[in-house]
Amino acid sequence: MRGPVLALAAALAGCGSAPAPERDETKQAWYVQTGAQLAEMDHQADALFQSGRRDEAAALIEKGQSLENRLLSVHQPTLEALEAVSDLDDLYGRMLLSNHHYGWARLLFQKNLARWKHWTPQTEETLRRWKQAEASIADCDKHLTD
């Protein structure tokens, strides 16, 4: 008696509706807007950092962290989103490097190295970013071994 009941239960379980197709969040307006907002914030923070206004740049970097996390929360972030995320991490790493926090800076540059080393398809821009991350890590290593 138990066999036919189990077989019937298994058959009925297989009759459920198909799972709903996953929604591509990268096509949603919030995703595109968040990426554009982070990219603009990156440019502003970099300009502030370059002009010596480090506290203001740091405030923008901190504000950008939540945008970065939101962009990375999707299944497959877009190239544009990863570029904005990468730019924020690179700027934060450069700021840490200038403040002699070599280990923390290296960690951020390593994140960028992993992003660009494994990005497909590789482009001239992704290769440039990969090499930039390698050079930044080497710069940190030079200071860590001193």
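Structure shown above.
Right, let's walk through the structure included here. Just so we're clear, the structure is a prediction, and the values are computed from it rather than from any experiment.

### A few points about the nonpolar core
Then step 1. Grouped together as the largest cluster of nonpolar side chains are 19 residues, with contacts concentrated most on Tyr31, Leu38, Ile61 and Leu71.
Then step 2. When residues of this core are traced back to their parent elements, those giving at least two are helix 2 (29-50), helix 3 (54-72) and helix 4 (79-98).
Then step 3. Setting aside its immediate chain neighbours within four residues, Ile61 contacts Ala45, Leu88, Leu91, Tyr92 and Met95.

### Some thoughts on unusual backbone geometry
With the exception of glycine, most residues fall at negative phi, and the peptide bonds are largely trans.
Then step 1. Thr120 connects to Pro121 through a cis peptide bond whose omega is -5°.
Then step 2. Relative to the assigned elements, Pro121 resides in the loop between helix 5 (102-117) and helix 6 (124-144).
Then step 3. Residue His100 is not a glycine yet carries a positive backbone phi of 65°.
Then step 4. Following the sequence through the fold, His100 ends up in the loop between helix 4 and helix 5.
Then step 5. A relative accessible area of 56% means that His100 is categorised as exposed.

### A look at the pattern of salt bridges
Then step 1. The tally for this structure, following the rule as stated, stands at twelve salt bridges.
Then step 2. Salt-bridge contacts for Asp46 lead to Arg94; the nearest nitrogen and oxygen are separated by 2.9 Å. Of this pair, Asp46 sits in helix 2 while Arg94 is found in helix 4, placing the two residues 48 residues apart along the sequence.
Then step 3. The exposure class assigned to Asp46 is partly exposed, which follows from its relative accessible area of 26%.
Then step 4. We classify Arg94 as partly exposed; its relative accessible area is 26%.
Then step 5. Where salt bridges share partners, they join Asp87, Glu125, Arg128 and Arg129 into one cluster.

Rules and cut-offs
Residues numbered from 1 in each chain as written. Predicted model: local features only at pLDDT ≥ 70, side-chain atom pairs only at ≥ 80, totals over all residues. Heavy atoms only, no water. Core = buried A, V, L, I, M, F, W, Y, C linked by side-chain atoms within 4.5 Å. Buried < 20%, exposed > 50% of the residue type's maximum accessible area, 1.4 Å probe, protein only. Helix = DSSP H or I, 4+ residues; strand = E, 2+ residues; numbered from the N terminus. Contact = heavy atoms within 4.5 Å. Salt bridge = Lys/Arg side-chain N within 4 Å of Asp/Glu carboxyl O.

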